[in-house]
Amino acid sequence: MTQPPVRLTLATDRRERLAQIRTCFPQASGPDLDDRWQGGRVTALQRLATIDADAYHQTRNHLDGAATRLSPYLRHGCLSLQETVNSVRQSAGKRGVKLIAELSYRDYFRQVWYRFGEAIKQPMESPKVALGTQPLPDFIAQGFTGLVCMDEIVRQLRQEGYVHNHARMWFAAYVLHWLKVDWRQAADWFEQNLLDGDLASNHLSWQWIGASFSHKPYFFNKENIVKFGGGHWCQQCPVRCPFDASYETLHQQLFGAPPPQTGDEAAASHSAYLPVEITAQHLPLRDDSAVVWLHDEMLSPEHALLKSKAPRVFVFDPALYGQWPLKRLQFMADCLSEIPETDIWLGSTAQVLASYSQRHTISQNTPNARLKAAADDARLTWLQEPSLYDTHFSDHELMRFSRYWKKVEPLVFANDDERFSNDPAA
Ligand SMILES: Cc1cc2nc3c(=O)[nH]c(=O)nc-3n(C[C@H](O)[C@H](O)[C@H](O)COP(=O)(O)OP(=O)(O)OC[C@H]3O[C@@H](n4cnc5c(N)ncnc54)[C@H](O)[C@@H]3O)c2cc1C
């Protein structure tokens, strides 16, 4: 039988709050939130202010390069994609295009999720190479492969919940192409351990690696790890390296045939907009008849729905978050601690929302079917989330990032010359 919901008052002291979440979720796996990560908009804005778009452009593929580490904040809505892109445009102008392209990758995957829904959990296309069906071995989940690079990636994943994009690509390629693990199992496990875990960015990236959402599989060799990883992993590695060969040899070994001579569409890096902002005037209901349900994609005190005076509610729902690692629950608690006057509950979302029975629930729309199912409320109004680019994409355009980007790239800086030249501060 489900327990009735309990009201939580989050401790204002951060250490106490982290301990409180540990107590509320005794089943949650993994370590406490690493000190390098504090949830919430305040930290997110600090990170945004330190972004160096030039350094990003030059070094983003290197593990010690200038990656922004913004993904957990974007994933939980502490920052919107739109304000992040605006900030890059204003600080770096056209030099920020690489970073804007990467940020747009996130929007792209989300548009694919909105369009194709749960189907993104299955192959989007026939894979261009044979994919394996092996279960995820324990030695991967525990990080004891013997390969220093892969074990270190799993250690970072479990400890911090953040892994650099290039390392995610190496790891996924190793698991799919060398170990022939079923990509769905691997993707589920990987997503569950991330602070930025997101069905679309994660599952579609795994499919990109596996070539069921791209023209050819992604794989790598030792030279690539040394060049972008710095070489220290390889110096310590005691085993014979399975990656130490040319791309031609590895392709033959892994897939049997010579590399296909197709254009590298998906490898062309990722990213645009006419924003539809949620504003108070979009609220269809009076404050005294509505309750705002804050879900895990909108954890910012600046969220437009919070401009109304309607009560706001967040629910730590075990049906949604029971499998999430402790660190991610603590990250969300940090975010919530910055959103004043929020009723925070532990229990079933549907039951909590039903307890505000005289009120109509409003929330930000999501492609996440699990969130929608949890609310289970016919009287819930979903307000459209702001889209990065105000344009329509055909199914065909959504099947490759390069097509999406071709359409939106001209929009990115379309009005900037005029806008910034009229701005006395520019
Ligand atoms: C196998 C695999 C699994 C992944 N799973 C996730 C996931 O669950 N959640 C997630 O947010 N990202 C995922 N990514 C995408 C990407 O690795 C992360 O967004 C990025 O590494 C986050 O670090 P950052 O903020 O420092 O990125 P930066 O390089 O600084 O990029 C800035 C922002 O752009 C967006 N971005 C950059 N690259 C991508 C990309 N390839 N796809 C989508 N968005 C991108 C992110 O929002 C990121 O925060 C995955 C990639 C791979 C290869």
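Per an unreviewed UniProt entry, the protein carries the name FAD-binding domain-containing protein and comes from Methylophilus glucosoxydans. Its UniProt record gives the protein a comment under Cofactor (unreviewed entry), which states: "FAD".

The next subject is the environment of Val-42. For Val-42, the location among the structural elements is in helix H2 (residues 41-49). For Val-42, a relative accessible area of 46% corresponds to the partly exposed category. Counting along the chain gives 36 residues from Val-42 to Cys-78, while the straight-line C-alpha distance between them is 8.6 Å.

Once that is clear, we can look at the pattern of salt bridges. A complete count under the given rule lists 25 salt bridges for this structure. Close ionic contact of Asp-198 with Arg-75 constitutes a salt bridge, the shortest N to O distance being 3.9 Å. Taken together, the positions of Asp-198 in the loop between helix H10 (183-193) and helix H11 (199-210) and Arg-75 in helix H4 (residues 71-75) put the pair 123 residues apart, joining distant regions of the chain. Accessibility assignment for this pair places Asp-198 and Arg-75 in one class, buried. A salt bridge links Asp-196 to Arg-168, with the nearest nitrogen and oxygen atoms 2.8 Å apart. Placement of the pair is Asp-196 in the loop between H10 and H11 and Arg-168 in helix H9 (residues 165-178), with a sequence separation of 28 residues. Arg-168 matches Asp-196 in its accessibility class, with the two residues each being buried. Through salt bridges with shared partners, one network takes in Asp-34, Arg-36, Arg-69 and Glu-160.

Burial of nonpolar side chains together is a common tendency in soluble globular proteins. Counting residues in hydrophobic clusters, the biggest one holds 83 residues, and the most contacted among them are Tyr-108, Phe-316 and Leu-329. Residues contacting Leu-329, with those up to four places away along its chain left out, are Ile-21, Phe-25, Ala-28, Phe-316, Tyr-321 and Trp-324. Membership of the second largest hydrophobic core comes to 42 residues, among which are Leu-136, Trp-208, Phe-220 and Trp-233.

Looking at the protein as a whole, the pLDDT averages 90, with 89% of positions reaching at least 70. Across residues 420-426, where pLDDT falls below 50, the model places 4 contacts with residues more than four positions away in sequence or in other chains.

Positive phi, normally seen in glycine, also occurs at Arg-69, with a value near 55 degrees. For Arg-69, the location among the structural elements is in the loop between helix H3 (53-59) and H4. Look at Arg-69 and you get partly exposed, because its relative accessible area is 28%.

Let's shift gears to H9. Because an α-helix packs 3.6 residues into every turn, residues spaced three or four apart end up facing the same way. Taking 1.5 Å per residue as the helical rise, H9 with its 14 residues ought to reach 20 Å, and the 19 Å between its terminal C-alpha atoms agrees with that figure. Backbone geometry just downstream of H9 places Lys-180 in the positive-phi region, at approximately 55 degrees.

All right, on to the pairing of strand S2 (residues 290-293) then. Judged by which residues are buried, S2 turns out to be covered on both faces: Ala-290 and Val-292 on one side and Val-291 and Trp-293 on the other are all buried. Across 3 bridges, the pairing between S2 and strand S5 (residues 360-364) is parallel. Among the inter-strand pairings, Val-292 is bridged to a residue of S5, identified as Ile-362. The pairing of S2 with strand S3 (residues 312-316) spans 2 bridges and is classified as parallel. Of the residues in S3, the one forming a bridge with Val-292 is Arg-312.

Near the ligand lie 29 residues; those nearest to it are Tyr-56, Thr-68, Arg-69, Tyr-162 and Asn-165. Between the ligand and the protein, one listed contact pairs a nitrogen atom with a backbone N or O atom of Asp-196 at 2.8 Å. The contact in question runs from a nitrogen atom of the ligand to an N or O atom on the side chain of Asn-202, over 3.2 Å. Compared with its free state, where it exposes 820 Å², the ligand has 98% of that area covered by protein. Residue assignment for the shell around the ligand shows that the elements contributing at least two residues are H4, helix H6 (97-116), H9 and H11. In terms of residue count, H6 provides more of the shell around the ligand than any other element does, 6 residues in total. Class assignment for the residues of the shell around the ligand results in 15 nonpolar, 8 polar and 6 charged. Counting only domains with at least three residues in the shell around the ligand, you end up with domain 2 (41-121 + 270-275 + 389-421) and domain 3 (138-255).

With that settled, consider the environment of His-203. Position of His-203 relative to the elements: it lies in helix H11. For His-203, a relative accessible area of 1% puts it in the buried group. In this structure His-203 touches Ile-120, Lys-121, Trp-183, Ala-187, Asp-188, Glu-191 and Asp-198, once residues within four positions along its chain are discounted.

Criteria and cut-off values
Residues numbered from 1 in each chain as written. Predicted model: local features only at pLDDT ≥ 70, side-chain atom pairs only at ≥ 80, totals over all residues. Heavy atoms only, no water. UniProt positions renumbered as here; feature names shortened; annotations may be inferred. Helix = DSSP H or I, 4+ residues; strand = E, 2+ residues; numbered from the N terminus. Buried < 20%, exposed > 50% of the residue type's maximum accessible area, 1.4 Å probe, protein only. Salt bridge = Lys/Arg side-chain N within 4 Å of Asp/Glu carboxyl O. Core = buried A, V, L, I, M, F, W, Y, C linked by side-chain atoms within 4.5 Å. Contact = heavy atoms within 4.5 Å. pLDDT = per-residue confidence, 0-100. Expected span 1.5 Å × (residues − 1). Pairing = 2+ DSSP bridges. Near = heavy atom within 4 Å. Polar contact = N/O pair within 3.5 Å; in protein donor to acceptor, adjacent residues only side chain to side chain. Areas by Shrake-Rupley, 256 points an atom, 1.4 Å probe, with all protein chains shown as cover. Nonpolar A, V, L, I, M, F, W, Y, C, P; charged D, E, K, R; others polar. Domains from an automatic or database assignment.

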